[in-house]
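# Observations on chain architecture
Residues per chain are reported as follows:
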Amino acid sequence: PMLFSDKNRILQQNAAWARKGMRVLALACRPLDERKAGEDLAENLIFLGLAAMSDPPRPQSRRAVAEAKKAGIRTVMITGDHKATAVAVAADIGIFVSGDLAVTGAELEQMDEQALERKLEQISVYARVSPEHKIRIVTAWQRRGQIVAMTGDGVNDAPALKKSDIGVAMGITGTEVSKDAAAMILADDNFATIVNAVTNGRGVYENIKNVIGFLLSGNMAGIFCVLYASLMALPAPFAAVHLLFINLLTDSLPAIAIGMEPAGSDLLNRKPRDPKEPLLSGDLVKRIGLQGLLIAVPVMTAFYLGYRTGTAEAMTMAFATLTLARLFHGFNCREDRSILRMGLSGNPASLAAFGVGVLLLLAVLLIPALHGLFLVADLTLAQLGMILGLAVLPTLCIQITRIARGK
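Quantities reported herein were computed from a predicted structural model and do not represent experimental measurements.

Once that is clear, we can look at the nonpolar core. Counting 36 residues, the largest nonpolar core has F238, V299, F303, F319, L322 and L324 as the members making the most contacts within it. At 12 residues, the largest contribution of residues to this core is made by helix α13 (residues 311-332). For L322, the residues in contact, after removing those within four places along its chain, are G218, A221, G222, F238, I246, I295 and V299. In terms of nonpolar packing, the next biggest core, distinct from the first, is built from 19 residues, A115, Y126, V148 and L161 among them.

Let's shift gears to the sheet that holds strand β4 (residues 101-104). Taken in spatial order, the three strands of this open sheet run β3-β5-β4, and their pairing is parallel. The sheet is open, and its two edges are formed by β3 (77-78) and β4, each paired on a single side. Bridge analysis of β4 against strand β5 (residues 123-127) gives four bridges, and the strand direction is parallel. Along β5, the bridge assignment pairs T104 with A127. Sitting on the sheet, helix α3 (residues 83-93) is in contact with β3, β4 and β5, with an inclination near 140° to β5.

In this section: the pattern of salt bridges. Under the criterion given, the structure shown has 17 salt bridges. Connected through salt bridges with shared partners, the residues R74, E117, E121 and R144 form a single ionic network.

What follows deals with a nonpolar patch on the surface. Taken together, the side chains of L25, L27, I46, L48 and M53 define a hydrophobic patch exposed on the protein surface, amounting to about 460 Å² of accessible area. Looking at which element gives the most residues to the nonpolar patch, the answer is strand β2 (residues 46-54), with three residues. Of note, L25 is situated in strand β1 (residues 22-29). You can call L25 partly exposed: its relative accessible area is 42%.

Attention shifts here to the sheet that holds strand β8 (residues 184-186). Strand order across the open sheet formed by three strands is β6-β7-β8, with parallel pairing between neighbours. Each edge of the open sheet carries a strand with a single partner, namely β6 (149-152) and β8. The mean inter-strand angle of the sheet, taken between neighbouring strand axes irrespective of direction, is 25°. Sheet topology note: the β6/strand β7 (residues 166-170) ladder contains four bridges and is parallel. Bridge pairing in β7 links M150 to G167.

Let's shift gears to the packing of aromatic side chains. Here the structure, examined in full by the defined rule, presents seven aromatic pairs. Ring centres of F245 and F374 lie 5.5 Å apart, and the angle between their planes is 85°; on these two criteria the pair is classed as edge-to-face. Of the two residues, F245 sits in helix α10 (residues 240-250) while F374 sits in helix α16 (residues 368-374), which places them 129 residues apart along the sequence. In this pair, the class of F245 matches that of F374, namely buried. Judged by centre distance (6.3 Å) and plane angle (75°), the ring pair of F303 and Y304 falls under edge-to-face. Since its relative accessible area comes to 33%, Y304 is described here as partly exposed. Between R273 and the ring centre of Y205, over which it is positioned, the NZ or CZ distance is 4.0 Å.

This paragraph deals with the environment of F224. Tracing the backbone shows F224 in helix α9 (residues 191-231). The partly exposed category is assigned to F224, whose relative accessible area is 28%. C-alpha of F224 to C-alpha of E132: the two residues are 92 residues apart in sequence and 60 Å apart in space. Excluding anything up to four places from it in sequence, F224 contacts G289, G292, L293 and A296.

The rules behind each value
- Starting from 1, residues in each chain are numbered consecutively following that chain's sequence as written.
- Totals for whole chains, interfaces and linings use all residues, but because this is a predicted model, local features are given only for residues with pLDDT of at least 70 and pairs of side-chain atoms are given and counted only at 80 or more.
- The basis for every side-chain value is the complete set of heavy atoms in the structure, and neither hydrogens nor water enter the calculation.
- Take the buried residues of types Ala, Val, Leu, Ile, Met, Phe, Trp, Tyr and Cys, join any two whose side-chain atoms come within 4.5 Å, and each joined set is a nonpolar core.
- Only protein chains enter the accessibility calculation, which uses a 1.4 Å probe; a residue whose area is less than 20% of its type maximum is buried, one above 50% is exposed, and one in between is partly exposed.
- A run of H or I in DSSP becomes a helix once it reaches four residues, and a run of E becomes a strand once it reaches two; helices and strands are each numbered from the N terminus.
- Here a residue-residue contact requires only that any non-hydrogen atoms of the pair lie within 4.5 Å.
- Strand pairing follows a simple DSSP-based rule, namely that at least 2 bridges must link the two strands.
- Throughout, an axis means a line fitted to C-alpha atoms (over the contacting stretch in the case of helices), and angles, computed between N-to-C directions, take values from 0 to 180 degrees.
- Salt bridge, as applied in this entry: a Lys or Arg side-chain nitrogen positioned within 4 Å of an Asp or Glu carboxyl oxygen.
- Like charges are joined within 9 Å and nonpolar side chains (Val, Leu, Ile, Met, Phe, Trp, Tyr) within 5 Å, but only among residues with over 30% relative accessible area and no salt bridge; these make up the patches.
- Surface accessibility follows the Shrake-Rupley procedure with a 1.4 Å probe radius. Residue values consider only the protein chains on display as shielding.
- Classification of ring pairs uses Phe, Tyr and Trp, with its six-membered ring standing for Trp, and accepts pairs whose centres are within 6.5 Å; under 30 degrees between planes counts as stacked, over 60 as edge-to-face, and the remaining range as tilted.
- A ring has a charge above it when a Lys NZ or an Arg CZ is no more than 6 Å from the ring centre and no more than 35 degrees off the ring normal.

As structure tokens, then:
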């Protein structure tokens, strides 16, 4: 029979290897007597030894966990491994830090909902858990109003994958059951891919907001100009063909370019947005109104400068100033940072859109054959210079403000 000292020595060795993040198997055997087939084979075993296996985390795991934390995403480990092994691995990749708690499935069963709620923020590692425990953990975080993403690869992970807001299954090692229950499948089984997906998702959402901001602020400028002209009993500052030119040509190109903006490196520095926040938030609506007004003032100034010569010249200058101002404004709407910080080379499509838009505007203003089609008048070099100076003013003001704010 095994002595108490032998058993204690085996347990100490098991704990020592577990603390190093190794997965330990205990091996035992017994003679098999076919005449005693109904006997419990797990009894009267002869201990053979311990086998320790090391399955080190991927090199990029620590960085991915750090980036997730920086992005406001809390990473929690839920595993069936030994508690000491789980804590060692979690500490190695940055999930478990000083002051955090680790609990086993048995300890979790001893907690009521109130106790779990109190300790939920502190618990970083759950070990020796069952499928029911996983569902309970997911539900506890959801009760706190959190969006929960659950990763897993086994059949026992399927219920929690289905319960979570975003179930993520492993595409290589995952079972078909887990893949069917998940909302997303990782083709490379790499946790870092989830962080990359978060970055890309935030980038897409920001691009959508920026495109909306660009289109609405530019159109708001046109509305302000028409409204002002009506209130002041002035001739209409734009002909219908002018607005069609702006909306179909010089608006669409910068909008497409803004939608192609690469995900910024600072996106992971931002906390997750409130899922209940509308796309057109109060701050965005305020910004659209202010930028629209900022563009409208130079446009109506150009109208007044041209009105001294005639109505046709006034409409032409207002149209050209609004078109060029909106092309410049496309750079403002790429990001919420100054051009000095984000640079112009990060999105070649925005430069191409600006260049094509300017060429189209110059063609309308300088080719006599197009004057009748677009209802524009001949302009002098001085008037063209005024258009350029006035059109760049809104962008200049916006950029100076951002630089002053350290953006």
